[in-house]
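A closer look at the structure
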Amino acid sequence: MDRLLADCRARLGFDLLGNTWNPVVLYALGAGPRRPGQLRAEIGGISAKVLTETLRRLEEYALVERRAYAEAPPRVEYSRTALGRTLLEPIEALGRWSATYGDAFVEAQGWDD
């Protein structure tokens, strides 16, 4: 079966959503453009370094757009691109699955013990 080879289109989505922070940051940008500090506060548990790496990666993927303002002090905002907005549906579907089956999943892993 060669449907899931490294160059398979389905793998693109699996790899993209498989990264811990990619879907979280994309989801957080759903409320509109955000500055890095706002994203860190809304997301919680993400370091400035990891957020910066994630935003750069998503920008390279053309899923996030960086906008720098010529102000003092400098201001930068990030927002989802049209392509990035197309990922909202699968991200929300995964969130619904987690809300519905999260307790059963945790229990099956024995993480409650």
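Residues numbered from 1 in each chain as written. Predicted model: local features only at pLDDT ≥ 70, side-chain atom pairs only at ≥ 80, totals over all residues. Heavy atoms only, no water.

We now examine the overall build of the chain. Each helix and strand in the chain was counted, giving 6 helices and 2 strands. Along the chain, helices (α) and strands (β) appear in the sequence α-α-α-α-β-β-α-α when read from the amino end. Principal-axis analysis of the C-alpha atoms gives the chain an extent of 50 × 40 × 25 Å. Within the chain, buried positions represent 26% of all 113 residues. Of all intrachain contacts in the chain linking residues separated by at least 6 positions in sequence, the fraction that spans at least 24 positions is 44%. In the structure as shown, the chain presents an accessible area of about 7,900 Å², 54% of it carried by carbon and sulfur atoms. (Helix = DSSP H or I, 4+ residues; strand = E, 2+ residues; numbered from the N terminus. Buried < 20%, exposed > 50% of the residue type's maximum accessible area, 1.4 Å probe, protein only. Contact = heavy atoms within 4.5 Å. Areas by Shrake-Rupley, 256 points an atom, 1.4 Å probe, with all protein chains shown as cover.)

So, about the confidence of the model for the chain. On average, residues of the chain score 90 in pLDDT, and 92% of them are at 70 or above. For the chain, per-element mean pLDDT is lowest for helix H1 (residues 9-18), which scores 82, and highest for helix H4 (residues 48-60), which scores 97. (pLDDT = per-residue confidence, 0-100.)

Formed by 17 residues in total, the largest nonpolar core has its most connected members in Val-25, Leu-26, Leu-39, Leu-55, Leu-58 and Val-64. The residues touching Val-25, leaving out its near neighbours within four places in the chain, are Ile-43, Leu-51, Thr-54, Leu-55 and Leu-58. (Core = buried A, V, L, I, M, F, W, Y, C linked by side-chain atoms within 4.5 Å.)

Right, let's talk about the pairing of strand S2 (residues 75-80) for a bit. Of all 6 residues in S2, 5 are buried; the element is thus mostly enclosed. Here strand S1 (residues 64-69) pairs with S2 via 6 bridges, running antiparallel. From the neighbouring strand, Tyr-69 faces S2, where its bridge partner is Arg-75. Remark: 5 residues form the turn of the hairpin made by S1 and S2, two consecutive strands paired antiparallel. (Pairing = 2+ DSSP bridges.)

For the rest of this paragraph, the subject is helix H6 (residues 88-109). Its maximal kink placed at Tyr-101, H6 deviates by approximately 65°. Positive backbone phi, approximately 75°, marks Gly-110, located one or two places after H6. (Bend = angle between axes of the 7 residues up to and from the residue.)

A few words now on the pattern of salt bridges. Summed over the entire model, instances satisfying the criterion amount to 4 salt bridges. In this structure, Lys-49 and Glu-53 form a salt bridge, with 2.9 Å as the shortest nitrogen-oxygen distance. On the criterion of helical spacing, the pair formed by Lys-49 and Glu-53 is a turn pair, its members being 4 residues apart in helix H4. Classification of Lys-49 as exposed rests on a relative accessible area of 58%. What makes Glu-53 partly exposed here is its relative accessible area of 38%. Where Glu-77 meets Arg-75, a salt bridge forms, and the shortest distance between an N and an O atom there is 3.1 Å. Through salt bridges with shared partners, a single ionic network connects Glu-71, Arg-75 and Glu-77. (Salt bridge = Lys/Arg side-chain N within 4 Å of Asp/Glu carboxyl O.)

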